[in-house]
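So the chains spell out like this:
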Amino acid sequence: MDTNNRLKTDDELLEQFFSASKMEIEDDGFSNRVMRQIPQRAKCMNQIWTTICFAAAMALFLLFDGIESLRTLASNFLGDASGYLASISFHGLSPLLPLVTLAILGTVGAYNALANQR
């Protein structure tokens, strides 16, 4: 809170300083014409640059066989995940444990649903 108040105070002090020293220079609308043209040129250059970068990225992706790399990545991920799930051992757990867990989760879910209705 103190930081926000201090920042507002600093901003107000800066605004007062610059408004007191502000000088209007007659330029017959030149500055306004320049400022209207800058955003359009910048927007056009941004679109051109984005298109060039996208085309280069796609070319490199295809050149270095990115589709095969993605296929290999997905295959490795699925293989590792299925191997991990297959390695879980439930021999030491009671069959009652999953039922108790579901009962507790159901109770908590019902309590939250009822609490949100109030």
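Note that this is a predicted model, so its numbers are computed, not measured. All residue numbers refer to position in the chain's written sequence, counted from 1. Only residues with pLDDT of at least 70 are given local features in this predicted model, and only at 80 or more are side-chain atom pairs given and counted; all residues enter the totals for whole chains, interfaces and linings. No hydrogens and no water enter the side-chain calculation; it runs on all heavy atoms of the structure.

A. Seen up close, the overall build of the chain. By the criteria applied, helices consist of DSSP H or I runs no shorter than four residues and strands consist of E runs no shorter than two, each listed in order from the N terminus. For the chain, the count of helices and strands is four helices and zero strands. From first element to last, N terminus to C terminus, the chain shows the α and β order α-α-α-α. Since a compact globule built from 118 residues should have a radius of gyration of about 13 Å, the 32 Å found for the chain marks it as more spread out than a globular shape. Its C-alpha atoms give the chain principal-axis dimensions of roughly 85 × 55 × 25 Å. Each residue is placed in one exposure class: buried if its accessible area under a 1.4 Å probe, protein chains only, is under 20% of its type's maximum, exposed if it is over 50%, and partly exposed if it falls in between. Looking at the 118 residues of the chain, the share that counts as buried comes to 1%. The protein chains shown are the only cover counted for residues, whose accessible areas, like all others here, come from Shrake-Rupley with a 1.4 Å probe. Total accessible area on the chain is roughly 11,400 Å²; 66% of this is exposed by carbon and sulfur atoms. Two things to know: the radius of gyration comes from C-alpha atoms, and the globule rule equals 2.2 Å times the number of residues to the power 0.38.

B. Broad picture of the confidence of the model for the chain. What pLDDT reports is the predictor's confidence in each residue, on a scale of 0 through 100. Predicted confidence across the chain gives a mean pLDDT of 86, with 93% of residues reaching 70 or more. Element-level mean pLDDT values for the chain span from 73 in helix 1 (residues 2–20) up to 93 in helix 3 (residues 66–86).

C. Examining the pattern of salt bridges more closely. Salt bridge, as applied in this entry: a Lys or Arg side-chain nitrogen positioned within 4 Å of an Asp or Glu carboxyl oxygen. Going through the model one piece at a time under the given rule, you end up with one salt bridge. Here R71 and E68 are joined by a salt bridge, their closest N and O atoms 2.8 Å apart. In this pair, R71 and E68 are both assigned in helix 3, three residues apart and thus about one turn of the helix distant. Accessibility expressed as a relative area gives 34% for E68, which makes it partly exposed.

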